[in-house]
Amino acid sequence: MRRFVLAILLSSCVATAATAQLVPPQNSLPTPTPKVDTIPAPRDVAYPGTIQLTVDASDVERAIFRIHQHVPVPGPGDFVLLYPKWVPGGHSPRGDIKNVAGLRVTADGHELKWVRDTLDVYAFHIAVPAGVSAIDVDFQYLTPTAGNQGRIVATPDMASIQWLSNSLYPAGYFVRGIPVQASVIVPSGWQVATALRPSGQTGNRIDYPVTSYEILVDSPLIAGAHYRKFPLSPDVTLDVIADTEQELDAKPEQIAAHKRLVEQAVKAFGAQHYDHYDFLLTISDNLGGN
């Protein structure tokens, strides 16, 4: 009986000691803090200025795109830039923020401080000093170099360039109200295909007219050394870029099938819901599909 009582006492002591270890002192208890959203909510107002965006996609050997943006700012204080989180046609917030590197912000040649938002990793807070009317933003987009890293978008012969992966935009505005003048730089001798119509070209730099950020991100481009254009109707084009020149040879019946697709679409919908339309087709054993 004594042994039994002693066992109970020992068990009780052990349980009490374990409970004491689980309960921390009052001064070290975690204290919940309120989540304060410091990102401006989007408003349906025009952004005060036009953003200039240049994507340098010429370094396809290392598969690094270099981005420069000149962004007018409304005034001093906390200015928030967002990296696109949702993509057109996507069903989850899957923007390639993991591929962004080397973010640097300057104004008139002076470095500006920036911090990542504490709640949203897609948001960057920039401290804009008084007297600054525009900032310059530079970063790199490190494209995947192997299939297990994501879709390969750059090879020595071609590239698939999406503006939404290679740009930041100001918080606080509907994207349809943010004007952007975009440019792209590609390797020498390459040609570019996109639904955007160029406004000018200097060497291997192609400029596009001012458009809204909404239209821009929905107008990707493909570029490469081997390109061919197939008109399907007065307003529809099939743009093809391939690994080799031989792969661009299309049989007449193949092009005729695509022309019928355009004709039947107009008949099915009873209208043409576009000013012009570009099919972007890549034929490659190396570039990732999309």
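Please read these numbers as outputs of a predicted model, since none were measured by experiment. (Residues numbered from 1 in each chain as written. Predicted model: local features only at pLDDT ≥ 70, side-chain atom pairs only at ≥ 80, totals over all residues. Heavy atoms only, no water.)

A. Structural context of the side chain of H125. One can find H125 in strand β7 (residues 123-128). Judged by relative accessible area, H125 falls into the buried class, the value being 9%. A polar side-chain atom of H125 sits 3.4 Å from a polar atom in the side chain of T38. Filtering out sequence-adjacent residues up to four positions away, H125 remains in contact with T38, I39, D78, F79, V80, K113, W114, V115, R116 and D117. (Helix = DSSP H or I, 4+ residues; strand = E, 2+ residues; numbered from the N terminus. Buried < 20%, exposed > 50% of the residue type's maximum accessible area, 1.4 Å probe, protein only. Polar contact = N/O pair within 3.5 Å; in protein donor to acceptor, adjacent residues only side chain to side chain. Contact = heavy atoms within 4.5 Å.)

B. The environment of P144, seen in detail. Take P144: it is sitting in the loop between β8 (134-142) and β9 (158-161). Assessed through its relative accessible area of 6%, P144 is described here as buried. Considering only alpha carbons, one finds P144 and I67, 77 residues apart in sequence, at a separation of 16 Å. If near-sequence neighbours (up to four positions away) are discounted, P144 is found in contact with N99, Q149, G150, R151 and I152.

C. Quick peek at the confidence of the model for the protein. For the protein, per-residue confidence averages 91 on the pLDDT scale, and residues scoring 70 or more make up 91% of the total. Contacts of residues 4-10 to residues separated by more than four positions or lying in other chains number 0 contacts, the stretch itself having pLDDT below 50. (pLDDT = per-residue confidence, 0-100.)

D. Structural view of the pattern of salt bridges. In this structure the tally under the stated criterion is 9 salt bridges. Across the salt bridge formed by D59 and R62, the nearest N and O atoms sit 2.9 Å from each other. Across the pair E111 and R104 runs a salt bridge, and its minimum N-O distance is 3.1 Å. Residues joined in a network through salt bridges with shared partners are R228, E245 and D249. (Salt bridge = Lys/Arg side-chain N within 4 Å of Asp/Glu carboxyl O.)

E. Looking closely at the nonpolar core. Core analysis: the largest hydrophobic core is formed by 59 residues, its most contacted members being F65, I135, V137 and W163. Counting residues in hydrophobic clusters, the runner-up holds 9 residues, among them V236, L238, V240 and L248. (Core = buried A, V, L, I, M, F, W, Y, C linked by side-chain atoms within 4.5 Å.)

F. Fine view of the side chain of T155. Secondary-structure assignment places T155 in the loop between β8 and β9. The class for T155 is buried, based on a relative accessible area of 5%. What T155 contacts, discounting residues up to four positions off in sequence, is V60, W190, N286 and L287.

G. Main features of the sheet that holds strand β12 (residues 191-194). In space, the 3 strands of this open sheet follow the order β9-β16-β12, with antiparallel pairing throughout. The open sheet is flanked by β9 and β12, the only strands paired with a single partner. Within the sheet, the average angular offset between the axes of one strand and its neighbour, ignoring direction, is 15 degrees. Sheet topology note: the β12/strand β16 (residues 221-224) ladder contains 4 bridges and is antiparallel. Bridge assignment links A193 to a residue of β16, and that residue is I222. (Pairing = 2+ DSSP bridges. Axes fitted to C-alpha atoms, helices over the stretch in contact; angles between N-to-C directions.)

H. Summary view of the environment of D136. When you line up the elements, D136 lands in strand β8. Once the C-alpha coordinates of D136 and D108 are considered, the two residues, 28 residues apart in sequence, prove to be 8.4 Å apart. Residues contacting D136, with those up to four places away along its chain left out, are H68, Q69, H70, R104, V105 and T106.

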